[in-house]
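Structural description and commentary
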Amino acid sequence: EPEVTQTPSHQVTQMGQEVILRCVPISNHLYFYWYRQILGQKVEFLVSFYNNEISEKSEIFDDQFSVERPDGSNFTLKIRSTKLEDSAMYFCASSEWSNEQFFGPGTRLTVL
Amino acid sequence: SQELEQSPQSLIVQEGKNLTINCTSSKTLYGLYWYKQKYGEGLIFLMMLQKGGEEKSHEKITAKLDEKKQQSSLHITASQPSHAGIYLCGADGVYSSASKIIFGSGTRLSIRP
């Protein structure tokens, strides 16, 4: 069964460093998303992406964040200068034409 | 902005018993989603409901959306240890193919053998 994959599973970085989180969405899906979940809190929407551009972004998704689909299979989330409060589980999701979003296993980001 | 309230926050049930989890929205929903999350892991899609009064079942899990499309319930029949986890309801309030999902806080379900 096709699934969303994410790498790495765990990323540890120093405050101020740049990180890139990678996702491979399900191959025939057209819509891509990033969400995050701070430990003990709700899953929060960050950004949606369609046709090589951002469809919608939340207030959390400020200038420190960017997304890219560099080739036909990968979807990346870059955080330019990480802060302590960026520590969270980051989930990638993808959907076909409906809004049934399928989530990856997540990348746990720890900022020290 | 849309808010989702889930109840109860946590639930411990004896294996084999039935249980219900509720999700209430502050606004009319376009789509209502149920996901299951194991601690520290990804979200597993369970069901999506869109029509008022709609009901869907998968194995021993049944989800319903009320006629007014503001409340949903998830019912598990004859619970098993594999049902343990965190159940999240999510909602989108607009018609869009790439709409953000707003999630509730989750219901943590434990199954007692």
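Structure first, text after, so check above.
Residues numbered from 1 in each chain as written. Chains lettered and ligands numbered in written order. Predicted model: local features only at pLDDT ≥ 70, side-chain atom pairs only at ≥ 80, totals over all residues. Heavy atoms only, no water.

The step from T7(A) to P8(A) runs through a cis peptide bond, and the omega angle for that step is -10 degrees. At the junction of S7(B) and P8(B), the peptide bond is cis and its omega measures out at -10 degrees in the coordinates. Assignment of secondary structure puts P8(B) in the loop between β1 (4-7) and β2 (10-14). Of note, N51(A) is a non-glycine position whose phi angle comes to about 55 degrees, a positive value. Although it is not a glycine, N52(A) adopts a positive phi angle of roughly 65 degrees. Mapping N52(A) onto the fold places it in the loop between β5 (43-50) and β6 (53-57). (Helix = DSSP H or I, 4+ residues; strand = E, 2+ residues; numbered from the N terminus.)

It is worth spelling out the pattern of salt bridges at this point. If you walk through the whole model with that rule in mind, you get five salt bridges over all chains. Between K42(A) and E3(B) there is a salt bridge, with its nearest N and O atoms 3.9 Å apart. Of this pair, K42(A) sits in the loop between β4 (31-37) and β5 while E3(B) sits in the segment before β1, each in a different chain. Judged by its relative accessible area of 29%, K42(A) falls in the partly exposed class. For E3(B), a relative accessible area of 43% puts it in the partly exposed group. Here E54(B) ties to K56(B) by a salt bridge, and the two come within 3.8 Å at their closest N and O atoms. (Salt bridge = Lys/Arg side-chain N within 4 Å of Asp/Glu carboxyl O. Buried < 20%, exposed > 50% of the residue type's maximum accessible area, 1.4 Å probe, protein only.)

With that settled, the discussion passes to the interface of chain A and chain B. Taken together, the contacts link 24 residues of chain A with 23 residues of chain B. For the pair chain A and chain B, the summed buried surface comes to about 1,800 Å²; carbon and sulfur atoms form 55% of the total. Contact with chain B buries area across many residues of chain A, yet K42(A), N99(A) and F103(A) alone supply 32% of it, more than any other trio. Counting the contacts that link chain A with chain B gives two salt bridges. Its salt-bridge partner being K100(B), residue E56(A) comes within 3.5 Å of it at the nearest N-O pair. In this assembly, chain A and chain B are joined by four residue pairs in polar contact (both at pLDDT 80 or more). Broken down by secondary-structure element, the contributors of at least two residues to the side of chain A that touches chain B are β4, β5, β6, β9 (88-95) and β10 (102-103) of chain A. With four residues, the single largest contributor to the side of chain A that touches chain B is β4(A). (Contact = heavy atoms within 4.5 Å. Buried area = accessible area lost by both parts, 1.4 Å probe. Polar contact = N/O pair within 3.5 Å; in protein donor to acceptor, adjacent residues only side chain to side chain.)

A separate point is the side chain of S73(B). Its place among the elements puts S73(B) in strand β8 (residues 71-76). Apart from residues lying up to four places away in sequence, S73(B) is in contact with T20(B), I21(B), N22(B), W34(B), T62(B), A63(B) and K64(B).

Residue and element names in this part refer to chain B. What you see with β2 is a clean split: L11 and V13 sit on the buried side and S10, I12 and Q14 on the side with no burial. Across five bridges, β2 lies against strand β11 (residues 107-112) in parallel orientation. Note on β11: the bridge partner recorded for V13 is I111. (Pairing = 2+ DSSP bridges.)

Taken as a whole, this structure holds 15 aromatic pairs over all chains when the rule is applied. With a centroid separation of 5.9 Å and 75 degrees between ring planes, the pair formed by Y35(A) and F103(B) is classed as edge-to-face. Residue Y35(A) is found in strand β4, and its partner F103(B) is found in strand β10 (residues 102-103); the two belong to separate chains. Like F103(B), Y35(A) is buried. (Phe/Tyr/Trp six-rings, centres within 6.5 Å; stacked < 30°, edge-to-face > 60°.)

The next point concerns the state of the cysteines. By the definition in use, this model includes two disulfides over all chains. For C23(A), the disulfide goes to C92(A), at an S-S distance of 1.9 Å. Torsion about the S-S bond of the C23(A) and C92(A) cystine: about -65 degrees, corresponding to left-handed handedness. Highlighted residues: C23(A) in strand β3 (residues 19-24) and C92(A) in strand β9, separated in sequence by 69 residues. As far as burial versus exposure is concerned, C23(A) and C92(A) are alike and both buried. Between the sulfur atoms of C23(B) and its disulfide partner C89(B) the distance amounts to 2.0 Å. Looking along the S-S bond of the C23(B)-C89(B) disulfide, the torsion reads about 70 degrees, which is the right-handed sense. Linking C23(B) in strand β3 (residues 19-25) with C89(B) in strand β9 (residues 85-92), this pair joins segments that are 66 residues apart in sequence. (Disulfide = S-S within 2.5 Å.)

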